[in-house]
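Chains, contacts and geometry: an overview
Listed below, chain by chain, are the residues.
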Amino acid sequence: MLLIPCPHCGLRNEDEFVYGVASTKKRPADPSAVSDAEWADFLYFHDNSKGRVRERWWHARGCQQWFMLDRDTLTHRIFGADAGESA
Amino acid sequence: MTQGFRLDGGGAIDRHRPLTFSFNGRSLRGYAGDTLASALLANGVRVVARSFKFHRPRGIMSAGVEETNALVQLTGALDEPNALSTRLALSEGLCADSVNCWPSVDFDFGAINERLWRLFPAGFYYKTFMRPAWLWPVYERVLRQFAGFGRAPKSASDDCYEKRFHHCDVLVVGAGPAGLAAALAAGRSGARVTLVDDQSHPGGDLHNAAAEIDGRPALAWAADAAAAFDRLPGAVRLAESTAAGYYDHNFLTVFQRNPEQPWLRERIWKVRAKQVVVAAGAIEQPLVFADNDRPGIMLAAAARTYVHRYAVRPGTRAVVVTNNTSAYAAAADLARAGIAVAAIVDTRAAPAAAAGGIEVLAGHAIVGVKGVKQVRAVVVAPRAGGAEQQIACDLVCMSGGWNPVVHLLSQAGEQLRWDERHACFVPGPPVQAERAAGSANGAFALADCLREGFEAGAAAASAAGYSASSPPVPATPTTPALDLEPCWSMPPRRRGTRAFVDFQNDVTADDVGLALGEGYASVEHVKRYTTAGMGVDQGKTGNINIIGLMAERAGVAPPEVGTTTFRPPYTPIGFGAIAGIDQGPIIIPARVTPLTEWHESHGGILDEAGSNYRRPKCYVRRGESERDAIMREARAVRNGLGIYDGSPLGKIDLRGPDARALIDRLYTNSFTTLPIGRARYGLMLQEDGRLLDDGVVFRLGEHHYLLSTGSGVAENVYANVIWYLRTVWPDLRAYATLVTTQWANMCVCGPRARDLMRKVGTDFDLAPEAFKFFDFRHGKVGGYAARVARVTYTGELSFEVNVPARHGRAMWELLMKAGGEWDITPVGSETSNVLRIEKGFLLMRVEGDGMANPYDVGHGWVINEKKADFVGKRSLQRDRNVGDPRRELVGLLTDDPNFVPPDGSPIVEVGATGKKIMIGHVTAATYSPNVERAIALALLRGGHQRKGETVTIAAGAREARARVTEPIFIDPDGERMRS
């Protein structure tokens, strides 16, 4: 049960949030300009890093804002969170 | 037998409160303060169980949670399997039975396994019961009888359980000397401290021997310390509570047995602590020698506990076998209690321990045990070789060292450290905000426990932001050093004997050798292959011996072997506690609409129907079956007048200068030309081109829209809108609010729908030319402010009336009353499904099955290819580029007009290899009262090209033929809904 620091609401239990799967890749500004392989890469291939990562979380049962969380995927240590980051 | 093994004085039992209990049907007596195990020993009961695999007679081996043998089945008022007799407080009328034996523990047919023991080495089931494969059902029936120990209860429990969230500055686990010291030091700084202990009275190990602190009995110090702690502000002390799991960010679960409320059986505390101190103590380890599992062979500290704490003589003539000095104090206590200690068999060659007159056989080992249902004698011999001697005894006390209870710390993520001096694993560097103290930290002397406890408590409070100091340590007598020399196994005097390492799962030292010999080199593999450490005791007494044996055989040090992963819970916990009050209807709260009460009181059969809503399937009249009702309702809608509660439909209010731009990017079609007062059907796709929702977009104002979504996907669509607005296109000025529950929605549908609306009265023109299909109006209906839309899911002339939720019931009743002259028929969700299948309308998660794109389901007409981009467009292009055959939406008319294939039935044909392959499936099928035959929708590979062909549906045992048609069975041109 992670304790997540929502930038707007403060420390809340993990079950108030939804993890943003496949969320840190930027959607191509003009999808028609990328090849099928590049599009499939954007859709389906995501890093699964061991160690410190930046990932999106949604405070679904709270302020309903998306934010970026700085977390170590091995130890679950959370280094911080920031709001208002776009793709 | 009247407690022939009870000592005349002493013990923490209350001799003024005798209790009667029953074991295997025999009535016995004990005292308040006994555990079931101590009372059994007091009555001279030696054989309490049969072992798991070999059905060897087993006795009580310990005095605590580490017990492996003495599990009992509780019957009567407490119906529970696998209760630990060493932890169970004796109560009046307690009924317990032995497990894993038949007909009785003393005479057990299962003992045949013991005769055939050579057929059952570790992992035997990987090599047996394979052939012939068709006999497996027979093998399974037989094997099931041998699985597990006790019996699960057959009836539901009346007991109440509860969950509670708790926050504190410092959580201290364990109220032994280290834990009490830590709790005091932390609490005195002003920190809010919670102290949990799994015993009923504080003191921990101080209960088990006569120690002294500051010249007083140690238990008196413990009682005073606990009382002083209780007086501190914010102090919470839980007794009979086990800290079972340590999770992320200092989140721990504590299971409190016997809470003060008499109606509660157990309560789970979910604790978030700023700092944690683990003072959970240490568990003694058995020694590995031939037949070390006989009744009467127990841990040395356990024997000491039974003598001191429970005033029980576990035997009359004892032999102590040990590799360290702590057992000498146990021997002295036994002697003082009148038990003859025949010898101390010390595996160390030259121990420097004071034996107080007891004979010490240094450098010796036990090479054999005599006695099956009760130990009669041990056979000892010098380890270096030499003559054997037999020593008669009825009690053997073994001490192989001590293991700090590091489980919680390991769960917290700590890497354990090997302590060479004590041959055990101790806590390593802290990973979370935690620390260990006392014997849990590898400090076995009382003075060290107290000192470490004070220091750890002060450190925890300081880390939590309080100013704390560690008080001076009270005086205690010196504890002799352990001086341990590891002895991982003692070779037997003759072959064909077994030395047990995991008593509960009957794993022997030879099994460990077998696993290593078969190539399982990792400790995790050895654990799984032999099942060692996989019992109810989770290897509390077995794991270290296995690691030591593996290290010895591999010629490495134990830390190189490593430990298996520690997993919560520390001790078994009941499902009742985990569930708490989340049972029955509480666990999935049912959402209701303003009309649910009306449905319930008018024959509505409520059922789970998407997004947790409970909706009426249909409304049953007297004498009707559900099927009759559904057919009646479906006919009424097409021939007369129906009314349907559509309140669960998702509604998203979208405003802002860029609202239309967002809608254009999310839906497949264009909304640029949508005028105010009109609605448009649209498809919302996922980025991968798959259908997310088919809904209706209403334009309410210049920059004001309402998105109507399917009721089952409302939350998903909302999440999708938020995702794009907040992370992909945050520059768009648009604001979305989920307003599903703010509106009551009822759809008046059927040829008589306009008649009803006229009768009820509206302040807008209802004529077909004035109020067209997909128009909507704000105005008054029957005097109530409403939004009315001409949208439909039934395919009939429909007016969807939306009023604020608080007027929902009144509006519905008004419509019902006025509609009486046309026999207005309330329509349930099952009926709605029949009607939509007749029309071939999509249902998300059925035809929109996560793989279908709009072209597959014949909805290419909703896509505006001229739009530069919309979510899903690029993937539709990729689908075309890939060019694989796709499953496409078709209708099916079964040859047998009354046969309705079950939803999901595969459509099959014989493939190139000659075997049947699946080429599609039935998505939804029903009997249609309006077409008067069975109809179905299906996704069929290449379906668009196969209209008119016949296919085969595999419907369970039956195969049915069906003709492929257009996926629409009523009014293909949609004249009715446009009327």
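Provided above is the structure to which this section pertains.
The following refers to the structure shown. (Residues numbered from 1 in each chain as written. Chains lettered and ligands numbered in written order. Predicted model: local features only at pLDDT ≥ 70, side-chain atom pairs only at ≥ 80, totals over all residues. Heavy atoms only, no water.)

The helix and strand tally for chain B stands at 22 helices and 49 strands. With the C-alpha coordinates of chain B rotated into their principal frame, the extents come out at 115 × 70 × 55 Å. Per-residue burial for chain B yields a buried fraction of 58% across its 979 residues. Restricting to contacts in chain B with at least 6 residues of sequence separation, those with at least 24 account for 65%. Accessible area of chain B: about 40000 Å², with a carbon and sulfur share of 53%. Both charge centroids of chain B, one from 110 positive and one from 105 negative side chains, sit 2 Å from each other. (Helix = DSSP H or I, 4+ residues; strand = E, 2+ residues; numbered from the N terminus. Buried < 20%, exposed > 50% of the residue type's maximum accessible area, 1.4 Å probe, protein only. Contact = heavy atoms within 4.5 Å. Areas by Shrake-Rupley, 256 points an atom, 1.4 Å probe, with all protein chains shown as cover. Lys, Arg positive; Asp, Glu negative; His and termini not counted. Charge placed at Lys NZ, Arg CZ, Asp CG, Glu CD.)

Counting its secondary structure elements, chain A contains one helix and six strands. Walking chain A from its N terminus toward its C terminus, one meets helices and strands in the order β-β-β-α-β-β-β. Structurally, chain A occupies a C-alpha span of about 40 × 25 × 20 Å along its principal axes. Going through the 87 residues of chain A one by one, you find that 37% of them count as buried. For chain A, restricting intrachain contacts to residue pairs at least 6 apart in sequence, the fraction spanning at least 24 positions comes to 44%. Here chain A has roughly 4900 Å² of accessible surface; of this, 48% comes from carbon and sulfur atoms. Taking the average place of the 11 positive charges on the side chains of chain A and the average place of its 13 negative ones, the gap between the two points comes to 4 Å.

We now examine the environment of B:Ile663. Residues and elements named next belong to chain B. Structurally, the position occupied by Ile-663 is in helix H17 (residues 659-666). With relative accessibility at 1%, the residue Ile-663 sits in the buried group. Separated by 71 residues in sequence, Ile-663 and Ala-734 have C-alpha atoms that sit 10.0 Å apart. Discounting residues that sit within four places of it in the chain, Ile-663 has contacts with Leu-654, Phe-671, Val-697, Tyr-705 and Leu-707.

This brings us to the packing of aromatic side chains. Taken as a whole and assessed by the stated rule, the structure comprises 23 aromatic pairs over all chains. Between A:Phe17 and A:Phe67 the ring centres are 5.8 Å apart and the planes differ by 80°, which places this aromatic pair in the edge-to-face class. Of the two residues, A:Phe17 sits in the loop between strand E2 (10-13) and strand E3 (18-19) while A:Phe67 sits in strand E5 (residues 66-72), which places them 50 residues apart along the sequence. For the pair formed by A:Phe17 and A:Phe67, the shared burial category is buried. Through successive ring pairs, a cluster of aromatic residues spans A:Phe17, A:Tyr19, A:Trp57 and A:Phe67. Here B:Arg46 stacks its cationic end above the ring of B:Phe5, 5.7 Å away from the centre of that ring. (Phe/Tyr/Trp six-rings, centres within 6.5 Å; stacked < 30°, edge-to-face > 60°. Lys NZ or Arg CZ within 6 Å of the ring centre and 35° of its normal.)

On to the pattern of salt bridges. All names here are of chain B. Following the criterion strictly, the structure yields 60 salt bridges over all chains and no others. Here Asp-506 and Arg-58 are joined by a salt bridge, their closest N and O atoms 2.7 Å apart. Residue Asp-506 is found in the loop between strand E29 (500-502) and strand E30 (507-508), and its partner Arg-58 is found in strand E4 (residues 57-58); the two are separated by 448 residues along the sequence. For the pair Asp-506 and Arg-58, one class covers both residues: buried. Where Arg-678 meets Asp-775, a salt bridge forms, and the shortest distance between an N and an O atom there is 2.6 Å. Placement of the pair is Arg-678 in the loop between H17 and strand E35 (679-685) and Asp-775 in the loop between helix H19 (753-760) and strand E40 (776-781), with a sequence separation of 97 residues. Residue Arg-678 is classed as partly exposed on the basis of its relative accessible area, which comes to 27%. Residue class for Asp-775 comes out buried when judged on its relative accessible area of 7%. If you follow the salt bridges from partner to partner, you end up with Arg-56, Arg-58, Glu-114, Asp-291, Asp-293, Arg-294, Arg-498 and Asp-506 in one network. (Salt bridge = Lys/Arg side-chain N within 4 Å of Asp/Glu carboxyl O.)

Here we come to the sheet that holds strand E38 (residues 735-738) of chain B. Each strand in a sheet pairs with another by means of backbone hydrogen bonds, the pair being arranged parallel or else antiparallel. Residues and elements named next belong to chain B. Reading across from one edge, E35-E36-E37-E34-E38 is the order of the five strands in this open sheet, with antiparallel pairing throughout. Edge positions in the open sheet fall to E35 and E38, since each of these has one partner strand only. Within the sheet, the average angular offset between the axes of one strand and its neighbour, ignoring direction, is 30°. As paired strands, E35 and strand E36 (residues 691-701) are joined by seven bridges and run antiparallel to one another. Within the sheet, the bridge partner assigned to Arg-680 lies in E36 and is Val-697. (Pairing = 2+ DSSP bridges. Axes fitted to C-alpha atoms, helices over the stretch in contact; angles between N-to-C directions.)

As a further point, take the packing of helix H10 (residues 509-517) of chain B against helix H12 (residues 543-554) of chain B. Helix packing for two helices is described by the angle between their axes and how far apart those axes are. Residue and element names in this part refer to chain B. Contact pair H10 / H12: the axes reach a minimum separation of 10 Å and the direction vectors enclose 50°. Comparing their axes, H12 and H10 come out oblique. For the pair H10 and H12, the sense of crossing is right-handed. Where H10 approaches H12, its residues Ala-509, Val-512, Gly-513 and Leu-516 are matched on the opposing element by Ile-546, Leu-549, Met-550 and Arg-553. Here the contact of H10 with H12 is composed, by residue class, of six nonpolar, one polar and one charged. (Parallel < 35°, antiparallel > 145°, perpendicular 65-115°, else oblique. Left-handed = near helix turned anticlockwise from the far one by under 90°. Nonpolar A, V, L, I, M, F, W, Y, C, P; charged D, E, K, R; others polar.)

With that out of the way, let us pick up empty space enclosed by the protein. All names here are of chain B. In total, this model carries nine cavities of 30 Å³ or more according to the counting rule given. For the largest cavity, the calculated volume is near 130 Å³. Taken together, 14 residues form the lining of the largest cavity, with Phe-698, Leu-706, Arg-787, Glu-800 and Asn-802 sitting closest to its centre. When residues of the lining of the largest cavity are traced back to their parent elements, those giving at least two are E36, strand E37 (704-709), strand E39 (743-749), strand E41 (784-789) and strand E42 (798-804). Here the lining of the largest cavity gets three residues from one element, more than from any other, and that element is E41. Along the lines of polarity and charge, the residues of the lining of the largest cavity split into eight nonpolar, three polar and three charged. (1 Å grid on protein atoms, 1.4 Å probe; cavity = no way out; pocket = protein on both sides within 12 Å on 5 of 7 lines; lining within 4 Å. Points joined across faces, edges and corners; volume = space filled by probe spheres on them.)

Residues that lie three or four places apart on an α-helix share one face, since the helix turns once every 3.6 residues. Residues and elements named next belong to chain B. By the criterion of burial, helix H21 (residues 829-839) is predominantly enclosed, with nine of the eleven residues buried. By the burial criterion, the buried members of H21 are Ser-829, Thr-831, Ser-832, Val-834, Leu-835, Arg-836, Ile-837, Glu-838 and Lys-839. Residues of H21 that are buried sit in contact with strand E32 (614-619), helix H16 (626-639), strand E33 (642-645), strand E43 (825-827), strand E46 (916-928) and strand E47 (933-941). In the stretch just after H21, Gly-840 is the one whose phi turns positive, near 70°.

So, about the interface of chain B and chain A. On the chain A side, the residues contacting the 25 residues of chain B number 26 residues. Of the roughly 2300 Å² buried between chain B and chain A on both sides combined, carbon and sulfur atoms contribute 56%. Taken as a group, B:His249, B:Trp723 and B:Arg874 account for 27% of the area that chain B buries against chain A, more than any other trio of residues on that side. On inspection of chain B and its partner chain A, the count reaches three salt bridges. In this structure, B:Asp869 and A:Arg27 form a salt bridge, with 3.1 Å as the shortest nitrogen-oxygen distance. Summed over the shared surface of chain B and chain A, the result is 14 residue pairs in polar contact (both at pLDDT 80 or more). When contributions to the side of chain B that touches chain A are tallied by element, the ones reaching two or more residues are helix H18 (714-728) and helix H22 (873-882) of chain B. For the side of chain B that touches chain A, the element with the highest residue contribution is H18(B), accounting for eight residues. Split into classes, the residues belonging to the side of chain B that touches chain A amount to 13 nonpolar, four polar and eight charged. (Buried area = accessible area lost by both parts, 1.4 Å probe. Polar contact = N/O pair within 3.5 Å; in protein donor to acceptor, adjacent residues only side chain to side chain.)

Okay, unusual backbone geometry next. Residues and elements named next belong to chain B. The omega angle of the peptide bond from Pro-568 to Pro-569 is 0°, so this bond is cis rather than trans. The topology assignment puts Pro-569 in the loop between helix H13 (558-561) and helix H14 (575-579). With a phi angle near 60°, Glu-932 is a residue other than glycine that sits in the positive phi range. Residue position: Glu-932 is located in the loop between E46 and E47. Given a relative accessible area of 61%, Glu-932 falls into the exposed group.

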